[in-house]
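# Analysis of the macromolecular model
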Amino acid sequence: MKRERIRVFLAIQAALCALVAVLLGASAVQICREGLARRAEHPLAPIYTREIVAEKLTAIAPLIFASAGMTAAGLVLGVRDENADRPARDPRSLRETAARGEKARETQKTEYPAAKPALQIALAVLAVGLIALGAYHGGAWDALCKAISICTECVGLG
Amino acid sequence: MADSKASRRRRPASRRLIQLYAALLHNAHLKGFLSGQIYQGRAKYACVPGLNCYSCPAAVGACPLGALQNALASAGHGAGWYAAGILLLFGVVLGRTVCGWLCPMGLIQELLHAIPTPKLRKSRFTRALTWLKYAVLAVFVIALPLGYGLRHGLPLPAFCKYICPAGTLEGAVGLLAVPMPANTGYFGMLGVLFTRKFVVMAAVGLACVFCCRAFCRFLCPLGAIYGLFNRFSVVGVKVDPGRCDGCGACVRGCAMDVRRVGGRECISCGQCMESCPHGAISLRAGKITLLAPERGCADDGPDAAQKRKKRGRVLRGAALAVLCLALLWFNALDPAVRDEPMPFSAPAEEPADAEPAAPEGREAGERLPDFALPCYDGTTFRLADQRGKIVFINLWATSCAPCKRELPYFSDLCKAHAGDIAVLVVHSSMVLDDPAAYLADKGYAMAFATDDAEDTVARLVGSTGTFPQTVVLNRRGEVVSNRVGSVTPETLEALFAEADGG
């Protein structure tokens, strides 16, 4: 019975999460479509405004609060999907693991390679060399210039 | 059994604390969440190890992926070696330990996965999906920025622009959430691109609720890069061959799509340490054991556990000191974060019968103070000399693709209203590629200049380092519009008409 209740709880929470994500995405699309229609009439009309976004968020807020409340309750009560604790069910992976295990038991030696200090040192030296070469060609300045300014297109602002 | 359960609970908790610590260190400029401005200090010369958008108001370092894409876009001058070298260094030293312990995006994904819902377990399907991130790396991080840069001479950080949920969440939403006037202005530029990225972010977030670290496993190119070095990295979970009998308990119990401990998908989270019945797995840095199972490692001496505890105490103390220093430096002491007074003067005394002058400022209805800037053609642009004309001031940078794309629109506007308009295009004082050389053969009709070392024009128009920015003044020199973001020819004509009507 308890297991049944947990399943129902998890299913409701899953539906809530999916609904919140879908509604958030759908609201963004709706705001964009309405805004583009406004902009077709007036080029200076904004597509998004703080007010429109707040209005849409307010409409979804009860679902977000319900989901947050259920999350808090679930965490306090220790409700979780028991299946998540079960071992993986990838047959190929498990077959390979079993074969490796058998081989290891036969040879008394695992196949995982030991760390290779010489390779590590060589790669680290190469990395330092590349950093120095890049910095010489202005790479550090390049990184700084991009990092201290906001390219609106790059972060998705527009 | 009870001990094992307790240690299983303890291990993720201590890792979670380190993840929180790393996220705070990546984003130590907390002041940015109040001021709405990003950190513009010299710490951003360095790239951080995790995926953390450098446009986040709190970010104090450069994103290695962003730096790499932008460097590839300007592939001609070899600057890309810098970002590549940093990625290689992080890869060799830490490998995907970065993903499991340091990446802020990893922490966000794990918190989302903690929401109690039915969970999708790993399978052949999820294992196959892990190859997707290598395709994302090849196409969006390397091929598109490099190809577009070589073909069009414009930077296109394709992963940032089309996919990166860290950019949308930390950069875009982070900037929009700050209730400052400049940040409210960002709403005006949102459009199709933001909508698309927001939907991608919502989808990735939802996937992370049901599937452990969905973004990290299937899409993250940074994880793909670090994964290539996992087997050679200095830090990582290592298996003691003497103790391992290959039972596979580590692989079966792992949430990631690993085939073996320390393989390309292993994030060294250490969960397998406790699931190994032989205590064969430990987190190591070379020969030093950083974390070991409760029952200890094979090479443990009699007082190894004591030594580890002592070392842990010292490390915790040092880490706390570093965090305090970082918070102090990035919020108060760094010259880049000190508040500077507004460069506006009080309105001059006007004769009693004269029309009262608008107060100096940069907002609509205020009068932009006078300034003079030497132009590339040898002339000097003085704002006071432009009274009677509609004035457009555009802030740009050669590293900004939308800035370059909209320059022809300004040129066309200038030609269409010749004699009635003055357009000044000001390049940021942070010069990456010579703007004069870039403009040499373009034949644009506007005046071009580079801002002076004090960033006079940028400060006058209230630039927050966001490009492009366009300020429109009416014939009396009063601000009609001050907006960040790209413009279209229609927008420019509408702005001209608005300024003319005013």
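Residues numbered from 1 in each chain as written. Chains lettered and ligands numbered in written order. Predicted model: local features only at pLDDT ≥ 70, side-chain atom pairs only at ≥ 80, totals over all residues. Heavy atoms only, no water.

### As for the overall build of chain B
- Regarding its fold elements, chain B presents 21 helices and 11 strands.
- Looking at chain B as a whole, 56% of its 502 residues are labelled buried.
- Taking the contacts inside chain B whose residues are at least 6 apart along the sequence as the reference set, 70% of them involve residues at least 24 apart.
- Total accessible area computed for chain B in this model is approximately 20600 Å², and 63% of it derives from carbon and sulfur atoms. (Helix = DSSP H or I, 4+ residues; strand = E, 2+ residues; numbered from the N terminus. Buried < 20%, exposed > 50% of the residue type's maximum accessible area, 1.4 Å probe, protein only. Contact = heavy atoms within 4.5 Å. Areas by Shrake-Rupley, 256 points an atom, 1.4 Å probe, with all protein chains shown as cover.)

### Overview of the sheet that holds strand β8 (residues 447-450) of chain B
Residues and elements named next belong to chain B.
- Ordered in space as β8-β7-β6-β10-β11, the 5 strands form an open sheet in which the pairing is mixed. Whereas interior strands pair on both sides, the edge strands pair on one side only; in this sheet they are β8 and β11 (479-484). Strand after strand, the sheet turns through a mean of 15° between neighbouring axes, direction not considered.
- The sheet contact formed by strand β6 (residues 390-396) and strand β10 (residues 469-473) spans 5 bridges and is antiparallel. Its bridge partner being in β10, Val391 is matched across the sheet by Leu473. (Pairing = 2+ DSSP bridges. Axes fitted to C-alpha atoms, helices over the stretch in contact; angles between N-to-C directions.)

### Examining the pairing of β10(B)
Residue and element names in this part refer to chain B.
- Along β10, 5 of the 5 residues are buried, which leaves the element largely enclosed by surrounding structure.
- Taking every second residue as pointing to the same face, both faces of β10 are buried, with Gln469, Val471 and Leu473 on one and Thr470 and Val472 on the other.
- Across 5 bridges, β10 lies against β11 in antiparallel orientation. Each bridged residue has a counterpart across the sheet, and for Gln469 the counterpart in β11 is Val484.

### Remarks on the pattern of salt bridges
Residues and elements named next belong to chain B.
- With the rule as written, the count across this model stands at 12 salt bridges over all chains.
- In this structure, Glu110 and Arg16 form a salt bridge, with 2.4 Å as the shortest nitrogen-oxygen distance. Residue Glu110 is located in helix α6 (residues 104-113), and its partner Arg16 is located in helix α1 (residues 2-26); the two are separated by 94 residues in the primary sequence. (Salt bridge = Lys/Arg side-chain N within 4 Å of Asp/Glu carboxyl O.)

### Some points on the sheet that holds strand β3 (residues 288-291) of chain B
Residue and element names in this part refer to chain B.
- Pairing within the open sheet is antiparallel, and its 3 strands lie in the order β1-β2-β3. Strand pairing shows two members of the sheet lacking a second neighbour, β1 (235-239) and β3, which therefore form its edges. Across the sheet, the axes of successive neighbouring strands diverge by a mean angle of 50°, strand direction being ignored.
- Here strand β2 (residues 281-285) runs beside β3; their pairing, made up of 3 bridges, is antiparallel. Bridging from a neighbouring strand, Arg284 pairs with Thr289 of β3.

### A word on the packing of aromatic side chains
Residues and elements named next belong to chain B.
- For the structure on display, the rule yields 9 aromatic pairs over all chains.
- Look at Phe194 and Phe198: their rings are 5.8 Å apart centre to centre, the planes differ by 35°, and that puts the pair in the tilted class. Of this pair, Phe194 and Phe198 both sit in helix α12 (residues 192-210), 4 residues apart, roughly one helical turn. The exposure classification of Phe194 matches that of Phe198, with both residues buried.
- The interplanar angle of 45° and the centroid separation of 6.1 Å between the aromatic rings of Trp396 and Tyr438 together place this pair among those described as tilted. Of the two residues, Trp396 sits in strand β6 while Tyr438 sits in helix α19 (residues 435-439), which places them 42 residues apart along the sequence.
- Classification of Trp396 by relative accessible area gives buried; the value is 0%.
- One aromatic cluster is present, built from ring pairs that chain together Trp396, Tyr438, Tyr444 and Phe448.
- One Lys or Arg, Lys404, reaches over the ring of Tyr438 and ends 4.5 Å from the middle of that ring. (Phe/Tyr/Trp six-rings, centres within 6.5 Å; stacked < 30°, edge-to-face > 60°. Lys NZ or Arg CZ within 6 Å of the ring centre and 35° of its normal.)

### Notes on the state of the cysteines
Residue and element names in this part refer to chain B.
- Taken as a whole and judged by the stated rule, the model has 1 disulfide over all chains.
- Between the sulfur atoms of Cys400 and its disulfide partner Cys403 the distance amounts to 2.3 Å. Judged by the torsion about the S-S bond (80°), the Cys400/Cys403 disulfide is right-handed. The pair Cys400 / Cys403 is uniform in exposure class, with both members buried.
- Free cysteine: Cys208, not disulfide-bonded; nearest cysteine sulfur from Cys211 at 7.8 Å. (Disulfide = S-S within 2.5 Å.)

### Re the pairing of β11(B)
- Here β11(B) lies mainly inside the structure; 5 of its 6 residues are buried.
- What sits between β10(B) and β11(B) in their antiparallel hairpin is a turn of 5 residues, with B:Gly477 showing a positive phi close to 85°.

### Side note on the interface of chain A and chain B
- Between chain A and chain B, the contact holds 84 residues from the first and 105 residues from the second.
- Carbon and sulfur atoms make up 68% of the area that chain A and chain B hide from each other, which totals about 8200 Å².
- At the boundary of chain A and chain B, one finds 0 salt bridges.
- For the pair chain A and chain B, the interface holds 14 residue pairs in polar contact (both at pLDDT 80 or more).
- Of all the elements, helix α1 (residues 2-41) of chain A adds the most residues to the side of chain A that touches chain B, at 15 residues. (Buried area = accessible area lost by both parts, 1.4 Å probe. Polar contact = N/O pair within 3.5 Å; in protein donor to acceptor, adjacent residues only side chain to side chain.)

### Some points on the nonpolar core
- Core analysis: the biggest nonpolar cluster contains 70 residues, and B:Leu51, B:Leu65, B:Phe159, B:Phe215 and B:Ile281 have the highest contact counts within it.
- Listed in part, the 48 residues of the second largest apolar core include B:Phe410, B:Leu424, B:Leu439 and B:Met446. (Core = buried A, V, L, I, M, F, W, Y, C linked by side-chain atoms within 4.5 Å.)

### Digging into the environment of B:Gly462
Residues and elements named next belong to chain B.
- Secondary-structure assignment places Gly462 in the loop between α20 (456-460) and β9 (466-467).
- In this structure Gly462 comes out as partly exposed when scored by relative accessible area, which is 25%.
- Counting along the chain gives 99 residues from Gly462 to Glu363, while the straight-line C-alpha distance between them is 9.0 Å.
- If near-sequence neighbours (up to four positions away) are discounted, Gly462 is found in contact with Arg362 and Gln469.

### Regarding helix α4 (residues 117-136) of chain A
- Taking 1.5 Å of rise per residue, 20 residues should cover 28 Å, and α4(A) covers 28 Å from first to last C-alpha, within 8% of that figure.
- By the burial criterion, the buried members of α4(A) are A:Gln120, A:Leu123, A:Ala127, A:Leu130, A:Ile131 and A:Gly134. The arc enclosing the buried residues of α4(A), seen along the axis, measures out at 100°, which places them on a common side. Residues of α4(A) that are exposed and point more than 90 degrees away from the buried face comprise A:Pro117, A:Ala118, A:Ile121, A:Val125 and A:Tyr136.
- Structurally, α4(A) contributes buried residues whose contacts are with α5 (139-147) of chain A together with α4 (80-93) of chain B. (Expected span 1.5 Å × (residues − 1). Arc of directions from axis to C-beta.)

### Brief notes about the confidence of the model for chain B
- Looking at chain B as a whole, the pLDDT averages 86, with 91% of positions reaching at least 70.
- Taken as a whole, residues 1-10 of chain B scores under 50 in pLDDT and shows 7 contacts with residues more than four places along the chain or in a different chain. (pLDDT = per-residue confidence, 0-100.)

### Considerations on helix α3 (residues 64-73) of chain B
- The element α3(B) is largely enclosed, with a buried count of 10 among its 10 residues.
- Among the residues of α3(B), B:Pro64, B:Leu65, B:Gly66, B:Ala67, B:Leu68, B:Gln69, B:Asn70, B:Ala71, B:Leu72 and B:Ala73 are the ones counted as buried.
- The inward-facing, buried residues of α3(B) abut α5 of chain A together with α4, α8 (132-152), α9 (158-162) and α14 (221-228) of chain B.

### So, a positive patch on the surface
- Among the surface-exposed residues, B:Lys309, B:Lys310, B:Arg313 and B:Arg316 lie close enough to one another that they form a single positively charged patch.
- With respect to the helices, strands and loops of the structure, B:Arg316 is situated in helix α17 (residues 304-333). (Patch = residues over 30% accessible without salt bridge, like charges linked within 9 Å, V, L, I, M, F, W, Y side chains within 5 Å. Lys, Arg positive; Asp, Glu negative; His and termini not counted. Charge placed at Lys NZ, Arg CZ, Asp CG, Glu CD.)

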